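Observations on chain architecture
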Amino acid sequence: MLETLVQSLRAAATAESPFGCCLIYGEERYPYEFLNRGFTRLLELGHTIEVYDAAGLPLSEFLASVSAASLFARRKIVHLKNPHKYQKKDLERLLDWLSSLAGLDPDAAVVTSVFISAPGLDGRSLLVSRLKKNKFTVIKSDKLKAHEVVSRLEKRVRKAEVTVDSRVLNALVHLHEANLTLLEQEVDKMLLYVGPGGLIDQKVADRLGIDGGGGNVFTFGDALSEGRFVDALIILDILKRARIEALLVVAMISRQFRLLSRVASPEIAGLSLPEVAKKLKVPPFVVKKLVRQVKGMSPRGYAGVFTILHDADIALKSSQLPKYIVLERVVLKIAALR
C-alpha cells in the first residue's frame, strides 16, 4: 500500500511522466498522513501543489480553478479531498475530466497529476470502479500488519544511524497495536535521546517512559488478571508517576481481558499454541501467559470486568474525579469480583 503511494509520488515528481491519477480511500489514518508528507517533499523539490476540498467546493468551481494556469508554475499537481461528497452526475463529470487529462500531451498539460483522498468512500463506489477501469492507481487504506510496522521502524532507525534491540520494537508494536503514527513518535523520541551511533535498548525505553516504565502497562494488566491486586496498586502508582495516559491504561486492560475471554471460549479449545497465536494475532509468549491466566477467571467474571471498564471509560471522559482515582476504583471493583 505505502509502496504504491511512493511510486505515485515519484511519478508526480518526474516532469517527463504522463498524466497520473491516484485515489486513496478507507479509514486507516496513517496512509493519509504519509501522503501529506509526500506532498511536503514535493513542495521542497519545487513542485506546485494545489489542494481542494470537495466538501465545501462545487465541482464547477473546482474545475474552473484547477484548469487555470498557476501563477507560480506552468505545471501543477492537484490534491482533491472528499470527492465522495459529490452527487453521481458530478462524479461522472469529474471522471470525464480525468480521462481528458490522460489523453493530453504531457508538454501541453497544466495538471500533471491528481491525487484523490476519500476516507469516507465505499469501495463499491462509481469512483473506485471507473478509476480502476481506466488503469489509474486505486489504493485502499488498510491497517498495516505488525511485521510491516516493525520493518518501517527499523528503516527509520537505520537511517538515523542508530542500533535498536529488536525486542524493544516488537514489544512497542504489540503494546500500541501497530499504530504507526504513535510508534513513529515514540521512536523519534528515542532517536533524539541516544543520537547517531547510539543504541536503543530496554533501558532507554524504560528511562523515557515509552512503554510505561519497563512494560508496566502490561504488568498492570497481568496483575489484575492473575488476582494480584496489591501488586496492581503498586504498579498503578508507577504508571501515575510515568504520566501514562489513563485512557490508554483502560484500553490495554480491556484488550487483555478480551484476549482472555477468547482463550476461554469454545472456539479456542483444542487448538495448539501456534494456532491460538495465529487466531488471536499475538506472539506465542503472550498466548502462554493468557493460557495460564485464564484459569483464574470464570466466564461470568469477564462480563463484570467489561462493565467495570466501560464505566471507567465514561468516567475518565466525563467525571471530575482525578484520573488515577478512577483507575484505583477499577482495581478495587475487579478485586471484589473474585
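Structure: above.
Residues numbered from 1 in each chain as written. Predicted model: local features only at pLDDT ≥ 70, side-chain atom pairs only at ≥ 80, totals over all residues. Heavy atoms only, no water.

1. Here we look at the overall build of the protein chain
Stated formally: Put simply, DSSP H or I for four residues or longer makes a helix, DSSP E for two residues or longer makes a strand, and each gets a number counted from the N terminus. Categorising residues by exposure relies on relative accessible area from a 1.4 Å probe, with only protein chains included: less than 20% of the type maximum marks a residue as buried, more than 50% marks it as exposed, and the intermediate range marks it as partly exposed. Note on contacts: a residue pair is in contact if any heavy atoms of the two residues lie within 4.5 Å. The method behind every accessible area is Shrake-Rupley, applied with a 1.4 Å probe, and residues are considered shielded solely by the protein chains displayed. The charged-residue count follows a simple rule in which Lys and Arg add positive charge and Asp and Glu add negative charge, with His and chain termini not counted at all. For charged residues, the charge sits on one atom: NZ in Lys, CZ in Arg, CG in Asp, CD in Glu.
When helices and strands are counted, the protein chain shows 16 helices and 7 strands. Out of the 338 residues belonging to the protein chain, those deemed buried represent 46%. For the protein chain, contacts bridging at least 24 residues in sequence account for 74% of all contacts bridging at least 6. When the accessible surface of the protein chain is split by element, carbon and sulfur atoms take 54% of a total near 18,000 Å². Looking at the protein chain, you have 49 positive and 37 negative side-chain charges, and the mean spots of the two groups are 4 Å apart.

2. What about empty space enclosed by the protein?
The criterion, for reference: The distinction between a cavity and a pocket rests on a 1 Å grid over the protein atoms alone: a 1.4 Å probe fits inside a cavity but cannot get out, while a pocket stays open yet meets protein on both sides within 12 Å along at least five of seven lines, and a residue with an atom within 4 Å of a point counts as lining. Grid points are joined across faces, edges and corners, and a volume is the space filled by probe spheres set on the points. Just so you know the grouping, Ala, Val, Leu, Ile, Met, Phe, Trp, Tyr, Cys and Pro go in nonpolar, Asp, Glu, Lys and Arg go in charged, and all remaining residues, Gly too, go in polar.
Considering all chains together, one arrives at 2 cavities of 30 Å³ or more under this definition. Put simply, the largest cavity is a space of about 70 Å³. The wall of the largest cavity is formed by His174, Phe218, Met252, Arg255, Gln256, Leu259, Val286, Lys289 and Leu290. Every element with two or more residues in the lining of the largest cavity is listed here: α12 (246-263) and α14 (284-293). With 4 residues, the single largest contributor to the lining of the largest cavity is α12. Residues of the lining of the largest cavity, tallied by class, amount to 5 nonpolar, 2 polar and 2 charged.

3. Notes on the layout of surface pockets
Computed from the structure, the second largest pocket encloses a volume of approximately 720 Å³. Forming the walls of the second largest pocket are 17 residues, and the residues nearest its centre are Val6, Phe34, Arg37, Arg152 and Lys159. Among the secondary structure elements, those contributing two or more residues to the lining of the second largest pocket are α1 (2-13), α2 (30-44) and α6 (146-159). With 6 residues, the single largest contributor to the lining of the second largest pocket is α2.

Remember, this is a structural readout, not a statement about activity or role.
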